[in-house]
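Chain and residue survey
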Amino acid sequence: MAARQSDDEDNADGTLIVRRRGWRRVTAITLLCLLLLFLLLIAGVWIARRPIASQVLQDQFEQRGVRATYELDRVGLRTQQVSNLVIGDPDNPDLVAGYAQMQVRWGLTGSVRVYRIVARGVRLKGKVVDGRVVWGEVSKLLPPPSDKPFALPNIVLDIADSSISLQTPFGNLGFALAGRGNLTGGFRGHLAAVSPGLDMGRCRLDAMRAFTAIRVVARRPQVEGPFLARRFACPTSNLLMDEPRFELDSSFSESFTSFRGNAGVTTQRIIAGANG
C-alpha cells in the first residue's frame, strides 16, 4: 500500500492517505545535532586566535573546568592538529576525537579565520534538558547563548567515522555521519540514524532507522532518503502501521524556523479509525 501525506481520507481505490508530522520533529532534531557537532569541532580549536602551544591549551581547559587529555601533533601558522582528544570523565567521556586538524587564514590586519576542519573518529555524547542540548563538559567550551538567529558557519568541514549519542525526551538516538564541503553551500554527505523507540506523545515509533543523503544548498540544509520503523502507532487516533517507510525530501531554512518538502509513505499493514 502506498500513501502520500495529505489530510486523512480514503481514495476511490481504497488507498488510505494520512498526515503525520512526528517525523518532522525528529528530522529537525537530527539536523540540529549535526550542526551542533560542527560548532563543537570549531569550539574545540577556538584558540587559533593565538599561537597554539601545549601549555596554553591546557591552561584554557583548566580555566573552564574542563578535564581533557590530548596529543598536540602539529603547530603551525596555518595548520594545527591534535589526536586522541578526550574531554570529560576519562571512564565515560563526553567527547572523543581520534584526529582533528584545523586550517586557518590570516587577514592583512592580522585577524585569523578558521576555514577548514578535518575530523575522524569523533564520538560525542549529549542529552536534551529543558529544550536545550547539553554536551557535558564540552558545553563549557561553547560560546554563550545568543538571541541572534542561527547562522551556518562559513567553514569547509571534512568529517568521517564520526557519531553522536543523544538522549532526548522522545527516546535515545544515535547518528553516524560522513561528508565534506562548505557548510554554507556545497556540503554533501550521508547520515544514518537509529533508535530503539521514540515516544512523541500521541504516537510512537519502534525500531526506527534512517539512511539519508544530506547537503547544503545556498544556506539551506536538505535531507533526502528513507526513514523506516518496525511499527508506527498512535493509539488515541486508532492508527497502526507495520513496517512503515517514509521517503523524506525536505529543505530547511538556515535558522531551522521553517521548511518545505514532502514525504511519501508505504506500509505492510495499516489500521486506522473505523477500519480498525
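Cut-off values and rules
- Residues numbered from 1 in each chain as written.
- Predicted model: local features only at pLDDT ≥ 70, side-chain atom pairs only at ≥ 80, totals over all residues.
- Heavy atoms only, no water.
- Pairing = 2+ DSSP bridges.
- Helix = DSSP H or I, 4+ residues; strand = E, 2+ residues; numbered from the N terminus.
- Buried < 20%, exposed > 50% of the residue type's maximum accessible area, 1.4 Å probe, protein only.
- Polar contact = N/O pair within 3.5 Å; in protein donor to acceptor, adjacent residues only side chain to side chain.
- Contact = heavy atoms within 4.5 Å.
- Phe/Tyr/Trp six-rings, centres within 6.5 Å; stacked < 30°, edge-to-face > 60°.
- Core = buried A, V, L, I, M, F, W, Y, C linked by side-chain atoms within 4.5 Å.
- pLDDT = per-residue confidence, 0-100.

Attention now moves to the pairing of strand β11 (residues 188–199). Relative to β11, strand β10 (residues 171–182) runs antiparallel, the two sharing seven bridges. If you follow Ala 178 over to β11, its bridge partner there is His 190. What sits between the antiparallel neighbours β10 and β11 is a turn of five residues, in which Gly 186 has the positive phi angle 115°. As paired elements, β11 and strand β12 (residues 204–217) share 11 bridges and run antiparallel to each other. By the bridge assignment, Gly 197 is partnered in β12 with Asp 206. What sits between β11 and β12 in their antiparallel hairpin is a turn of four residues, with Gly 201 showing a positive phi close to 95°.

Moving on to the side chain of Gln 81. Examined against the element boundaries, Gln 81 turns out to sit in strand β5 (residues 79–89). Accessibility expressed as a relative area gives 15% for Gln 81, which makes it buried. At 3.5 Å, the side chain of Gln 81 forms a polar contact with the side chain of Tyr 99. Apart from the residues lying within four places of it in its own chain, the contact partners of Gln 81 are Glu 71, Leu 72, Asp 73, Arg 74, Tyr 99, Ala 100 and Gln 101.

Geometry of an aromatic ring pair is reported as the spacing of the ring centres plus the angle between the planes. Within this structure, the stated rule accounts for four aromatic pairs. Ring centres of Phe 227 and Phe 246 lie 6.1 Å apart, and the angle between their planes is 75°; this geometry places the pair in the edge-to-face category. With Phe 227 in strand β13 (residues 220–228) and Phe 246 in strand β16 (residues 245–252), the pair connects residues that are 19 residues apart, well separated along the chain. Pair check on accessibility: Phe 227 and Phe 246 agree, each one buried. Measuring from centroid to centroid gives 5.6 Å for Phe 252 and Phe 259, while their planes differ by 25°, and the two rings are stacked. A relative accessible area of 5% places Phe 252 in the buried class. Members of the aromatic cluster, each reached through a chain of ring pairs, are Phe 227, Phe 232 and Phe 246.

Checked against the element boundaries, Asp 94 lands in strand β6 (residues 92–106). On the accessibility criterion, Asp 94 (16% relative accessible area) is buried. Sequence-wise, Asp 94 and Glu 137 are 43 residues apart; in three dimensions their C-alpha atoms are separated by 6.7 Å. Asp 94 has contacts with Ile 87, Gly 88, Arg 123, Leu 124, Lys 125, Trp 135, Gly 136, Glu 137 and Val 138, leaving out every residue within four places of it along the chain.

Judged by nonpolar contacts, the single largest core of 54 residues is most densely connected at Ile 87, Leu 205 and Phe 232. For this core, the leading source of residues is strand β7 (residues 112–129), giving six residues.

This part takes up the confidence of the model for the protein. A residue-level look at the protein finds 78% of positions with pLDDT of 70 or above and a mean pLDDT of 81. Counted against residues more than four places away or in other chains, residues 1–20, with its pLDDT under 50, gives 49 contacts.

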